Amino acid sequence: MTTFAELLLNGISLGSVYALIALGFVVIFRATEVVNFAHASLLLAGGYVTAVLHEDIGFWPALLVGIAGAAAVGAAVEFLVMRRYRGADHSVLAIVTIGVDILLTTELTRRIGTDVLALGDPWGDAVLTLGPISLAHTRIAAFLAAGLLITAFLLTFRYTSWGVAMRAAAESAETAALMGVRLGRVSLGAWAVAGGLAAVAALFLTVFPTPGLERATSLAALKAFPAAILGGLDSTTGALVGGLLIGITESLATGYQSDLAFLGRGLGDLAPYLVMIAVLLVRPAGLFGTKELARV
């Protein structure tokens with residue numbers, strides 16, 4: 001029972017980080033109806049900036065610069081690349097983001113090389129012990145930070161003019177444009193917000209118990225992609241629920257790997273995709289996704 005409780009708490013913490021990444025997917029999709037496959041490179045960019053600068057200017061300033069840098073990269077991608085293809089088929093735009101991801105990830109992995117970069121976080125390897133249950137301080141910090149950021153985003157999304165504009169654009173871009181909503185600003189803001197959230201997620205994906213930032217860190221964004229699909233690509237609530245489900249599933253599958261050896265190795269990496277497929281077989285639009293109806 002103790003093992004289950006530890007795995008569950010770690011899964012909730014990891015799931016909250018996945019929810020941040022999934023929220024980035026959802027924000028961009030709601031603003032542009034494009035699936036952003038370049039999200040992994042935004043995550044890697046934010047983490048790299050933080051790792052490079054923390055020794056010179058300190059951890060917290062470096063983290064702020066990393067968040068701002070990832071947001072700037074996201075905004076630059078939207079302004080310099082995606083905006084040039086406005087009006088193109090959404091499938092074409094998704095392929096464009098794959099090309100952007102390849103370019104950015106290739107450059108960042110070239111800079112990182114074979115190194116494993118520390119981000120200089122203040123928590124180190126400290127562990128909180130509550131009776132028989134042990135939980136790393138980094139996991140607690142991840143849960144609290146993710147909860148704070150997600151709450152702030154939801155309040156912004158609901159009560160600010162930018163949030164209203166994004167919701168209007170998600171309902172009908174043409175109608176929103178006719179009503180005076182500047183779709184370019186909405187899209188630019190969405191890419192910037194997604195980049196900032198990815199940079200925060202990069203921090204908590206590379207601190208203890210993981211060794212640090214490395215070339216494969218960007219692959220973590222692929223684990224959050226099932227969370228966004230599972231919850232529904234057009235649902236912010238779905239991103240949160242999907243992230244938690246994926247995090248808990250991965251944690252439990254990895255923790256009980258030895259008991260499930262008959263299913264083969266690497267079950268923890270495969271389990272999120274199995275859950276996604278199982279949910280999509282029942283609800284093709286995801287748990288909270290909007291079903292599209294067409295009259296024929």
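Keep in mind that this is a model prediction, so the values were computed, not measured.

For the rest of this paragraph, the subject is helix α9 (residues 220-231). Under the 1.5 Å per step criterion, the end-to-end length of α9 is 18 Å for 12 residues, consistent within 8% with the ideal 16 Å. Every buried residue of α9 is listed here: Ala220, Ala221, Ala224, Pro226, Ala227, Ala228, Ile229, Leu230 and Gly231. In this structure, the buried residues of α9 make contact with α1 (2-32), α2 (39-57), α8 (183-206), α10 (236-255) and α11 (267-282). Of the residues flanking the end of α9, it is Gly232, one or two places downstream, whose phi is positive at about 115 degrees.

As defined by bridge partners, strand β1 (residues 127-130) adjoins strand β2 (residues 133-136) across four bridges and the pair is classed as antiparallel. Bridged to Leu130 within β2 is Ile133. Between the antiparallel neighbours β1 and β2 lie two residues, among them Gly131 with a positive phi of about 65 degrees.

Attention shifts here to the packing of α2 against helix α4 (residues 90-112). In contact at an axis separation of 9 Å, α2 and α4 are set at 30 degrees when each is read in the N-to-C sense. With respect to each other, α2 and α4 are oriented roughly parallel. Crossing of α2 against α4: the hand is left-handed. Between α2, through Ala40, Ser41, Leu44, Ala45 and Tyr48, and α4, the contact on the second element is made entirely by Asp101, Leu104, Thr105, Leu108, Thr109, Arg111 and Ile112. Its residues placed into classes, the contact of α2 with α4 shows seven nonpolar, three polar and two charged.

Further remarks concern the pattern of salt bridges. In total, this model carries three salt bridges according to the counting rule given. Between Glu78 and Arg83 there is a salt bridge; the shortest N-O distance is 2.9 Å. Arg83 gets classed as partly exposed once you look at its relative accessible area, which sits at 25%. A salt bridge links Glu107 to Arg110; the nearest nitrogen and oxygen atoms lie 2.7 Å apart. Linking Glu107 with Arg110, this pair stays in helix α4, spanning three residues, or about one helical turn. For Glu107, a relative accessible area of 31% puts it in the partly exposed group. Each of Glu107, Arg110 and Arg111 takes part in a single network of salt bridges with overlapping partners.

Moving on, we get to the environment of Pro132. Positionally, Pro132 belongs in the loop between β1 and β2. On the basis of relative accessibility, which here comes to 57%, the residue Pro132 falls in the exposed class. Contact partners of Pro132, with chain neighbours within four places excluded, come to Thr2 and Glu6.

Quick look at the packing of aromatic side chains now. In total, this model carries seven aromatic pairs according to the counting rule given. Measuring from centroid to centroid gives 6.1 Å for Phe59 and Trp123, while their planes differ by 80 degrees, and the two rings are edge-to-face. With Phe59 in helix α3 (residues 59-80) and Trp123 in the loop between α4 and β1, the pair connects residues that are 64 residues apart, well separated along the chain. Every member of this aromatic cluster is reached through a ring pair, and the members are Phe59, Trp60, Trp123 and Phe204. For the cation-ring pair, Arg84 lies above Phe79, with the distance from its terminal atom to the ring centre recorded as 5.7 Å. Directly above the ring of Phe157 sits Arg167, whose terminal nitrogen or CZ lies 5.9 Å from the centroid.

Attention now moves to the UniProt feature "transmembrane region" (unreviewed entry) in the protein. Using the residue numbers shown here, the UniProt feature "transmembrane region" (unreviewed entry) corresponds to residues 12-29, 59-81, 140-159, 188-208, 220-248 and 270-290. Spanning residues 140-159, this segment combines 100% helix with 0% strand, and its end C-alpha atoms are found 29 Å apart. Taken as a whole, residues 270-290 contains 62% helix and 0% strand, while its terminal C-alpha atoms sit 26 Å from one another.

All right, on to the nonpolar core then. Ile21, Phe204 and Leu205 are the most contacted members of the largest nonpolar core, which totals 71 residues. Per element, the largest residue contribution to this core is 13 residues, and it comes from α1.

Residues Phe37, Ile95, Ile98 and Ile102 make up a contiguous nonpolar surface patch of about 370 Å² in total accessible area. With respect to the secondary-structure elements, Ile102 resides in helix α4.

Looking now at the side chain of Thr138. Summarising the element assignment, Thr138 is placed in helix α5 (residues 137-159). Polar side-chain contacts of Thr138 include one of 2.6 Å to the backbone oxygen of Phe208. Ignoring sequence-local partners within four residues, the contact set of Thr138 consists of Asp121, Trp123, Gly124, Phe204, Val207 and Phe208.

What counts and how
Every chain is numbered on its own, with residues counted from 1 as its sequence reads. Confidence filtering applies because this is a predicted model: local features only for residues at pLDDT of at least 70, side-chain atom pairs given and counted only at 80 or more, and all residues used for totals across whole chains, interfaces and linings. For the side-chain quantities, the full set of heavy atoms in the structure was used; hydrogens and water were omitted. Secondary structure follows DSSP: runs of H or I at least 4 residues long count as helices, runs of E at least 2 residues long count as strands, and numbering of each begins at the N terminus. A helix is expected to reach a length of 1.5 Å times the quantity of its residues less one. Here the term buried applies to any residue with accessible area under 20% of the maximum for its type, exposed to any over 50%, and partly exposed to those in between, with areas from a 1.4 Å probe on protein chains only. Residue contacts are counted whenever heavy atoms from the two residues lie within 4.5 Å of one another. Pairs of strands are assigned from DSSP output, requiring at least two bridges between the strands. All axes are obtained by fitting lines to C-alpha atoms, using only the stretch in contact for helices, and the reported angles, taken between N-to-C directions, cover 0 to 180 degrees. If an angle is under 35 degrees, it is roughly parallel; if it is over 145, roughly antiparallel; if it lies from 65 to 115, roughly perpendicular; otherwise it is oblique. Whether a crossing is left-handed or right-handed is set by the direction in which the near helix is turned from the far one by less than a right angle, anticlockwise for left-handed and clockwise for right-handed. Each residue gets one label: Ala, Val, Leu, Ile, Met, Phe, Trp, Tyr, Cys and Pro are nonpolar, Asp, Glu, Lys and Arg are charged, and the others, such as Gly, are polar. Salt bridges, as used here, are contacts in which a Lys or Arg side-chain nitrogen is within 4 Å of a carboxyl oxygen on Asp or Glu. Whether two aromatic rings pair depends on their centres lying within 6.5 Å, for rings of Phe, Tyr and Trp, where Trp uses its six-membered ring; planes under 30 degrees apart make the pair stacked, over 60 edge-to-face, and the rest tilted. Over a ring means this: the NZ of a Lys or the CZ of an Arg is within 6 Å of the ring centre and within 35 degrees of the ring normal. UniProt positions are given in the numbering used here, feature names are shortened, and annotations may be inferred rather than shown by experiment. The criterion is simple. A nonpolar core is a set of buried Ala, Val, Leu, Ile, Met, Phe, Trp, Tyr and Cys residues joined through side-chain atoms within 4.5 Å. By definition, no residue in a patch forms a salt bridge, and every one has over 30% relative accessible area; like charges are joined within 9 Å, nonpolar side chains (Val, Leu, Ile, Met, Phe, Trp, Tyr) within 5 Å. All accessible-area figures derive from a Shrake-Rupley calculation using a 1.4 Å probe, and residue coverage is judged against the displayed protein chains alone. For the purposes of these results, a polar contact is taken to be a pair of N or O atoms within 3.5 Å, where, inside protein, one atom must be able to donate a hydrogen and its partner to accept one; residues adjacent in sequence count only when each atom of the pair is a side-chain atom.

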